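Overview (structure and organization)
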Amino acid sequence: MVELTAPPGRRRRQLILGICCLSLFIVGLDNTVVNIALPAIQKDLDAPASGLQWIIDAYTLVLAALLMLFGSVADRFGRRRVFQTGLLLFVLGSLFCSLAPSLEWLIAARALQAVGGAMLNPVAMSIITNTFTDPRERARAIGIWGGVVGISMALGPLLGGFLVAGAGWPSVFLINVPVGLVACLLTARYVPESRSPKPRRLDPVGQLLMIVLLGSGTAAIIEGPEHGWTSPLILTLAAVALAALAAFPLWERWVPEPLIDLRFFHSVPFTGATVTAVCAFAALGGFLFLNTLYLQDVRHYSPVEAGLWTLPMAGMMLVCAPLSGRIVGSRGPRGPLVAAGLGLAASGLLLTRLTADAPAALLLAAYALFGFGFGMVNAPITNTAVSGMPRAQAGVAAAVASTSRQVGQSLGVAVIGTVVTSAVVGPVATGFAAASHAGWWIVIGLGLAVLLLGLVTTTAWAARTAAEVAAGFGPDRLPGRTPDPAGVGDAPPERLR
């Protein structure tokens, strides 16, 4: 095994960055492109509302549960090897999705997709930080990497609309196959292998408890309306989730190298960043889920028209993501977090007036405000999570923030989707629009939570708690940080190997 001991040439470094960004693009795209295809999938596979929720959550939940695991696996067994495996699994899962003859097949294939995706994001960031050894060049590379996520999430609904209209819903998955195969071949040719000299131990029990907690808890929320909240199945799922929630911290305190070191949560900025990520991405998950059904099922727009209606959101995200990164770098995270909370809450407030024939101005303003808020929130999340952390722990801290994003999106689809679909009565055109108001009030609450967290986690008191946590880990402190322009640099620069 050849270790990466010296940086490759400039052209090869740029090519490696391009390969890593390509993988991030298709993984990020799948977070939003599938939403626009949900009505077509529902019609073709005769899927209930809960089935549509599972199509989204099967992907985000598995991604959330396995991100930290595969970061450690790659450090131990080789980053290029795990990265290539992830690409192949993602391609295979995408192919199975496009061929799915039933809802159950599609959900299983989405989970397989996510297993591959979980191997890509944290591993690609490790490859980047080991390839770009110059701090300034590495900061630019991470900036490009972060910008790709904003582009992929913003373009997802629009691209999905054209794909569904032109080639049917299987095309939103099939497009990943050639892109993934090209990335896999380029990885084999140009990406050098590397490992960590001191990889973290795996924590299989902690990993299992996390999977049980996320899976059973989400299942109880999604399936509750159909089976009844007091049915034996739902009560059992809820009991299992609560047991896993109680057992997880007990185990993590006992194991020498835990999946998540609970001492992190003594840092107010870290805890705040984790909760902020959950709130912001829960708002995103609920927003995309409700708007897709509203635009296509209530207003009867085609997939292309529905995608075009999201352009104000996409445009604001593309503009605000890099702007937020620059503000965080020069003035800190408070401003972007407060602005993000206000934008998300204002968008939700406008949408509480939603009707089946709501004026275009209301929709466009709400979509633009949501894009503004979500564009501003991404950059400070990772920055706040790792602020003041020792270098040896910063990568894990950022991975927790990344996992929180996926957990938030899963919960947003599960909770907001369940609340709204349970409240729908009468014809879809009138019932869904009115029922969605409950979901928009939840989005308002999530936006206000982001605003409050932005104020609390950026105080001098909060900074002192972060310093105390860092001191508890030892003297290996980060002298300074380059903010992640899109908030998705899943592992900040670690010790170069």
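In this text the structure is predicted, and so the values were computed from the model without any measurement.

1. As for the nonpolar core
Among the nonpolar cores identified, the biggest contains 129 residues, and I55, L106, Y294, F370 and F374 are the most heavily contacted of them. Here this core takes 17 residues from helix α11 (residues 268-298), the largest share from any one element. With near-sequence residues (within four places) excluded, Y294 lies in contact with R299, L354, T355, A356, A358, L363, F432 and A433.

2. Considering the confidence of the model for the protein chain
Per-residue confidence for the protein chain gives a mean pLDDT of 83; residues scoring 70 or more make up 87%. When the criterion is pLDDT under 50, residues 1-5 qualifies, and its contacts beyond four places in sequence or with other chains add up to 13 contacts.

3. Details of the packing of helix α3 (residues 49-77) against helix α5 (residues 103-131)
At a closest axis distance of 6 Å, the pairing of α3 and α5 adopts a crossing angle of 35 degrees. Note that α3 runs across α5; the crossing there is right-handed. Grouping the constituent residues of the contact of α3 with α5 by class yields 21 nonpolar, 6 polar and 2 charged.

4. What about the pattern of salt bridges?
In total, this model carries 2 salt bridges according to the counting rule given. One salt bridge in this structure joins R110 and D30, with 3.0 Å as the shortest N-O distance. You can see R110 sitting in helix α5 and its partner D30 sitting in helix α1 (residues 10-32), a full 80 residues away along the chain. In this structure, D261 engages R263 in a salt bridge whose closest nitrogen and oxygen atoms are separated by 2.9 Å. A relative accessible area of 15% means that D261 is categorised as buried.

5. Comments concerning helix α2 (residues 38-45)
All of the buried residues in α2 are L38, P39, I41 and L45. Seen end-on, α2 carries its buried residues on one side only, within an arc spanning 165 degrees. α2 presents K43 and D44 as exposed residues on the side facing more than 90 degrees away from its buried surface. Structurally, α2 contributes buried residues whose contacts are with α3, α5 and α11. Just past α2, the residue D46 takes up positive phi, approximately 55 degrees.

6. Remarks on helix α13 (residues 311-331)
Side chains that are three or four residues apart share a direction in an α-helix, a result of its 3.6 residues per turn. The end-to-end C-alpha distance of α13 is 29 Å, a good match for the 30 Å that 21 residues give at a rise of 1.5 Å each. If you look at α13, its biggest bend is around 25 degrees, right at C320, and the proline P322 turns up within four residues after that. Listing the buried residues of α13 in full gives M313, A314, M317, C320, A321, S324, G325 and V328. Where α13 terminates, the next one or two residues include G332, which has phi positive at roughly 95 degrees.

7. Topic: the packing of helix α4 (residues 79-98) against α5
One can describe the packing of α4 onto α5 by two numbers: an axis separation of 7 Å at closest approach and a directional angle of 155 degrees. Our classification of the angle between α4 and α5 gives roughly antiparallel. For the crossing formed where α4 meets α5, the hand is left-handed. For the contact of α4 with α5, the class distribution of residues is 18 nonpolar, 9 polar and 2 charged.

8. A few points about unusual backbone geometry
Even without being a glycine, D46 presents a positive backbone phi close to 55 degrees. The topology assignment puts D46 in the loop between α2 and α3. A relative accessible area of 67% places D46 in the exposed class. Residues other than glycine seldom take positive phi values, yet H300 does so here, at roughly 60 degrees. Along the chain, the position of H300 falls in the loop between α11 and α12 (303-309).

Criteria and cut-off values
- Residues numbered from 1 in each chain as written.
- Predicted model: local features only at pLDDT ≥ 70, side-chain atom pairs only at ≥ 80, totals over all residues.
- Heavy atoms only, no water.
- Core = buried A, V, L, I, M, F, W, Y, C linked by side-chain atoms within 4.5 Å.
- Buried < 20%, exposed > 50% of the residue type's maximum accessible area, 1.4 Å probe, protein only.
- Helix = DSSP H or I, 4+ residues; strand = E, 2+ residues; numbered from the N terminus.
- Contact = heavy atoms within 4.5 Å.
- pLDDT = per-residue confidence, 0-100.
- Axes fitted to C-alpha atoms, helices over the stretch in contact; angles between N-to-C directions.
- Left-handed = near helix turned anticlockwise from the far one by under 90°.
- Nonpolar A, V, L, I, M, F, W, Y, C, P; charged D, E, K, R; others polar.
- Salt bridge = Lys/Arg side-chain N within 4 Å of Asp/Glu carboxyl O.
- Arc of directions from axis to C-beta.
- Expected span 1.5 Å × (residues − 1).
- Bend = angle between axes of the 7 residues up to and from the residue.
- Parallel < 35°, antiparallel > 145°, perpendicular 65-115°, else oblique.

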